[in-house]
Amino acid sequence: MANALRALAMDAVEAANSGHPGMPMGMADVATVLFKNHLNFDPTDPKWMNRDRFVLSAGHGSMLLYALLHLTGYEDMTLEQIKNFRQMGAITAGHPEYGHASGIETTTGPLGQGIATAVGMAIGEQIQADRIGKKLVDHFTYVIAGDGCLMEGISQEAISLAGHLELGKLIVLWDDNGISIDGKIELTDSTDQLKRFEASNWDVIAIDGHDYESIDAALTEARRGNRPTLIACKTVIGYGAPNKAGTSGVHGAPLGESEIEATRKALGWSEKPFNIPKAVRNDWLATAERGKAARLEWAAQYDKLSERKRKEVERSFDGELPPKLSATIKAFKKQISDEQPSLATRKASQMVLEQVNAVVPETIGGSADLTGSNNTKTGALQVISADDFSGRYLHYGIREHGMAAAMNGLALYGGLIPYGGTFLVFADYLRPALRLSALMKQRVIYVLTHDSIGLGEDGPTHQPVEHLASLRCMPNVQVFRPADAVETAESWEIALRSTDRPSVIALTRQNLPTLRTEHTTKNKSAQGAYVLEEAASSRKAILMASGSEVEIALAARKMLLSKGIGARVVSCPSLDVFAEQDPKYRARVLPRGPVRVAIEAGVQQSWDRWLTGEGGDSRKAGFVGMESFGASAPYKELYEHFGITAEAVCQQVYALLGLDNNGDRKK
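Notes on the structure in this doc start here.

**Quick notes on the overall build of the protein chain**
Here comes step 1: When helices and strands are counted, the protein chain shows 26 helices and 20 strands.
Here comes step 2: Taking 2.2 N^0.38 as the reference for a compact globule, 667 residues should give roughly 26 Å; the C-alpha atoms of the protein chain span a radius of gyration of 28 Å, in line with that estimate.
Here comes step 3: Among the 667 residues that make up the protein chain, the fraction classed as buried is 60%.
Here comes step 4: Nonlocal contacts in the protein chain, meaning residues at least 24 apart in sequence, comprise 78% of its contacts between residues at least 6 apart.
Here comes step 5: Surface accessibility of the protein chain: about 25,300 Å² in total, with carbon and sulfur atoms responsible for 47%.
Here comes step 6: Computed over 72 positive and 80 negative side-chain charges, the separation of the two mean positions in the protein chain equals 7 Å.

Quick look at the structure:
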């Protein structure tokens, strides 16, 4: 059975002339014992709620996963797909991609992401066991990780969080082969991984990764533990290849015809490429029988749930929101428009969450040690701990990257909507996991506060300048920067309803006035940008702004009007969403003719399309924002110092209209 995995891996990599045969060949024995004796899964129901999760964190060894899925009977993983490994249109991509094939639990390849995402899955198992019942949610999360996964910094964030929460259903199988691309691991690392994991509150077991009895015994022992377990599997990379096994040469390149032939002889495997003997194939198909039987037993238990509880479980796992949400958001918006408070949008966000969390029970909040600053915890949310997973709030600690990956795991697990907070500037720490949120089309909500120089005295190390532009350029991410509490509520509603993408909600530290003073049930932010105030006289300028700078645009509009210059103010809570609107709507919001000025306390790049494209003209476009890093000072002084003021906006408009600095015709 193990040699069948090895054969498919080396044949597929050879056919593609590209790939990584070494890890699949080295971990074939471990994977065989895991699937044959321990893993509960059912290829006929790949989304079965209580299946064991299997994550190939060492995603470069993707042929191990594809071979396992093919041999165990996943319908879409055909032999033709194996033969088309790494080819255009095939589901067998170079690294496993979530959504391409049944049985791929998460996208892996960026090393460390798999193990960190699996931590989120293990947390999800504990949360849902508490909610739905331990008779219906009681399974393990298994991970195969390599040396590279454990070297990446995110792994420390992940394993320390997992150990702290005592995730006893999480089992990591470390492919301890001592080889990386550059050569032996000893070239770059001297870490005692067993002691490292022990120090993070894990159980650790060291075994020979080619001894079936040792593998089986270790897995059996790990399943009995109350803490997460690392099983260090000492293996030979490229096991069976007479000349390349144990070397970096087998890591990321085809073996070559002569070495494959020699490997077949060494393994006693006489089959032609891609051919699996019927007896071996039957042995592999039989591994799914345990899971099928377990699923039928589970289904009988599930049917005992009340109809109300079954509907609620299915609603949340289907990604549908409770019907009360819409009315809740509308009522909050009306309250804000009536009362017109001056609020930091981070505080407004917390007020929205107080309402949302009361009617959407699947939200799981958290923060990377900035709960009081991000305002992500609401009164009804109890804290999740190693002793109690009935809560809905996670203290992730100072682990932004680990938090983001764990949120991916929670979203992938099903029935949960994770949101987590940190400062916008620290989006740099979590960006690789956010990118996977987007690539996997997961509903993960990033609450990123302190969104500009408006945070003030903490200075340029904490003041985001380039971050909004960099996040907006990432595909399938919608970035919101609301201008007041009403837009904040609307942004949250859109984020919650967006089941196929992550959302970033960028929020202020400083107070902002309520700008939407006339209540409307329509979610105007759902258009991305909209006319907030029309020109009071002949329209000569369009002022575009997001977040805290919309207030500045409105002040500039009044100043321009005093000079007889009509200016339309367009609030742009999400340029990403605006770009998806019908071109006719965009043209109505940004008609040809008037000069355009964009205002944002960040860099210009993400505004260029709206200034010079979409009917604009570079000769009639200006920008008021940041061209450098910030500084440490009270925020009002910073806005004056960097020239992000209504006066500066007016000066831009005057210049574009050919007027002097006072807004008069030049003499």
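**Section: the side chain of Arg315**
Here comes step 1: Within the secondary structure, Arg315 is located in helix α13 (residues 307–317).
Here comes step 2: Under the relative-accessibility criterion, Arg315 is labelled buried at 11%.
Here comes step 3: A distance of 2.8 Å separates polar atoms of two side chains, one belonging to Arg315 and the other to Glu362.
Here comes step 4: In this structure Arg315 touches Glu320, Leu321, Pro322, Pro361 and Glu362, once residues within four positions along its chain are discounted.

**Focus on the pairing of strand β1 (residues 53–56)**
Every other side chain in a regular strand lies on the same face of the sheet, so the side chains alternate between the two faces.
Here comes step 1: Burial along β1 is two-sided: the face carrying Arg53 and Val55 and the face carrying Phe54 and Leu56 are both buried.
Here comes step 2: Sheet topology note: the β1/strand β2 (residues 141–146) ladder contains four bridges and is parallel. Of the residues in β2, the one forming a bridge with Arg53 is Thr141.

**Some thoughts on the packing of helix α2 (residues 22–37) against helix α3 (residues 62–72)**
Here comes step 1: Two elements in contact, α2 and α3, have axes whose closest approach is 10 Å; the angle formed by their N-to-C orientations is 40 degrees. Here α2 is positioned oblique relative to α3, judged by the angle of their axes. Crossing handedness for the pair α2 and α3: right-handed. In contact with Met23, Pro24, Met27, Ala28, Ala31 and Phe35 of α2, α3 contributes Met63, Leu64, Leu68 and Thr72.
Here comes step 2: Tallied by class, residues from the contact of α2 with α3 come to nine nonpolar, one polar and no charged.

**Section: unusual backbone geometry**
Here comes step 1: With phi around 50 degrees, Glu166 is a residue other than glycine that occupies positive phi space.
Here comes step 2: Mapping Glu166 onto the fold places it in the loop between α7 (153–164) and β3 (170–176).
Here comes step 3: A positive phi angle, near 50 degrees, is found at Glu614, a position not held by glycine.
Here comes step 4: Along the chain, Glu614 falls in the loop between α24 (608–612) and β20 (621–624).

**Describing the sheet that holds strand β6 (residues 203–208)**
Here comes step 1: One open sheet accounts for five strands, arranged β1-β2-β3-β7-β6; its pairing is parallel. Two strands lie at the open edges of the sheet, namely β1 and β6, each paired on one side alone. Between one strand axis and the next, the sheet turns by 20 degrees as a mean value, whatever way the strands run.
Here comes step 2: Where β2 lies against β3, six bridges are found, and the strand directions are parallel. Directly across from Thr141, in β3, lies its bridge partner Leu170.
Here comes step 3: Seen against the sheet, α3 touches β1 and β2 and runs at an angle of roughly 145 degrees to β1.

**Details of the sheet that holds strand β17 (residues 539–545)**
Here comes step 1: A sheet is described by the order of its strands in space; here five strands give the open sequence β16-β18-β17-β19-β20, paired in mixed fashion. Either end of the sheet is taken by a strand with one partner, and the two such strands are β16 (530–533) and β20. Taking each pair of neighbouring strands and ignoring which way they run, the sheet shows an average axis angle of 30 degrees.
Here comes step 2: Here β16 pairs with strand β18 (residues 566–571) via three bridges, running antiparallel. Residue pairing across strands places Tyr530 opposite Ser571, the latter belonging to β18.
Here comes step 3: Across the sheet, helix α21 (residues 549–561) lies against β16, β17, β18 and β19 (595–599), angled at about 165 degrees from β17, the strand it touches most.

**As for the pairing of β6**
Here comes step 1: One ladder, built from six bridges, connects β6 with strand β7 (residues 229–234); its direction is parallel. Across the sheet, residue Ile205 finds its bridge partner in β7, namely Ile231.
Here comes step 2: Handedness of the β-α-β unit built from β6, helix α9 (residues 212–224) and β7 comes out right-handed.

**Notes on the packing of aromatic side chains**
Here comes step 1: Inspection of the entire model under this criterion finds 14 aromatic pairs.
Here comes step 2: Both rings, one in Phe140 and one in Tyr142, keep their centres 5.9 Å apart while their planes meet at 35 degrees; by these two values the pair is tilted. Taken individually, Phe140 and Tyr142 each receive the classification buried, so the pair is uniform in this respect.
Here comes step 3: The ring of Tyr413 carries Arg53 above its face, with NZ or CZ at 4.2 Å from the centroid.

**Comments concerning the packing of helix α15 (residues 345–359) against helix α20 (residues 485–497)**
Here comes step 1: Contact geometry for α15 and α20: axes closest at 9 Å, N-to-C directions at 50 degrees. Looking at the two axes, α15 sits oblique to α20. The handedness of the crossing between α15 and α20 comes out as right-handed. In this structure, α15 contributes Thr345, Ala348, Ser349, Val352, Leu353 and Val356 to the contact, and α20 contributes Ala485, Thr488, Ala489, Trp492 and Leu496.
Here comes step 2: Its residues assigned to classes, the contact of α15 with α20 shows eight nonpolar, three polar and no charged.

**A short note on the pattern of salt bridges**
Here comes step 1: Inspection of the entire model under this criterion finds 29 salt bridges.
Here comes step 2: Ionic pairing is found between Asp29 and Arg6, a salt bridge with its closest N-O pair at 2.7 Å. Of this pair, Asp29 sits in helix α2 while Arg6 sits in helix α1 (residues 2–16), placing them 23 residues apart in sequence.
Here comes step 3: Of the charged contacts, one joins Glu534 and Arg568 as a salt bridge, the two residues approaching to 2.7 Å between their closest N and O atoms.

**Quick word on the nonpolar core**
Within soluble globular proteins, side chains that are nonpolar tend to cluster in buried spots.
Here comes step 1: Of all hydrophobic cores here, the largest spans 60 residues; its most connected members are Ile123, Leu167, Leu170 and Tyr446.
Here comes step 2: In terms of nonpolar packing, the next biggest core, distinct from the first, is built from 58 residues, Met23, Met27, Leu64 and Leu68 among them.

**Thoughts on α7**
Here comes step 1: Under the 1.5 Å per step criterion, the end-to-end length of α7 is 17 Å for 12 residues, consistent within 8% with the ideal 16 Å.
Here comes step 2: Packing partners of the buried residues in α7 comprise α5 (113–132), α6 (147–151), β3, α8 (193–199), β10 (393–395) and α17 (400–413).
Here comes step 3: One or two residues past the end of α7 sits Glu166, with phi positive at roughly 50 degrees.

**Digging into a negative patch on the surface**
Here comes step 1: Taken together, the side chains of Asp130, Glu166, Asp387 and Asp388 make up a negatively charged region of the molecular surface.
Here comes step 2: Mapped onto the secondary structure, Asp130 falls in helix α5.

**Examining the state of the cysteines**
Here is the idea: a disulfide is a covalent bond, and it sits between the sulfur atoms of two cysteines.
Here comes step 1: Inspection of the entire model under this criterion finds zero disulfides.
Here comes step 2: For the unlinked cysteine Cys233, the closest cysteine sulfur is that of Cys149, found at 13 Å.
Here comes step 3: Free of any disulfide, Cys473 has its nearest neighbouring cysteine sulfur in Cys572, separated by 18 Å.

Calculation rules
- Residues numbered from 1 in each chain as written.
- Predicted model: local features only at pLDDT ≥ 70, side-chain atom pairs only at ≥ 80, totals over all residues.
- Heavy atoms only, no water.
- Helix = DSSP H or I, 4+ residues; strand = E, 2+ residues; numbered from the N terminus.
- Rg over C-alpha atoms; globule rule 2.2 N^0.38 Å.
- Buried < 20%, exposed > 50% of the residue type's maximum accessible area, 1.4 Å probe, protein only.
- Contact = heavy atoms within 4.5 Å.
- Areas by Shrake-Rupley, 256 points an atom, 1.4 Å probe, with all protein chains shown as cover.
- Lys, Arg positive; Asp, Glu negative; His and termini not counted.
- Charge placed at Lys NZ, Arg CZ, Asp CG, Glu CD.
- Polar contact = N/O pair within 3.5 Å; in protein donor to acceptor, adjacent residues only side chain to side chain.
- Pairing = 2+ DSSP bridges.
- Axes fitted to C-alpha atoms, helices over the stretch in contact; angles between N-to-C directions.
- Parallel < 35°, antiparallel > 145°, perpendicular 65-115°, else oblique.
- Left-handed = near helix turned anticlockwise from the far one by under 90°.
- Nonpolar A, V, L, I, M, F, W, Y, C, P; charged D, E, K, R; others polar.
- Right-handed = clockwise from strand over helix to strand, strands pointing away.
- Phe/Tyr/Trp six-rings, centres within 6.5 Å; stacked < 30°, edge-to-face > 60°.
- Lys NZ or Arg CZ within 6 Å of the ring centre and 35° of its normal.
- Salt bridge = Lys/Arg side-chain N within 4 Å of Asp/Glu carboxyl O.
- Core = buried A, V, L, I, M, F, W, Y, C linked by side-chain atoms within 4.5 Å.
- Expected span 1.5 Å × (residues − 1).
- Patch = residues over 30% accessible without salt bridge, like charges linked within 9 Å, V, L, I, M, F, W, Y side chains within 5 Å.
- Disulfide = S-S within 2.5 Å.

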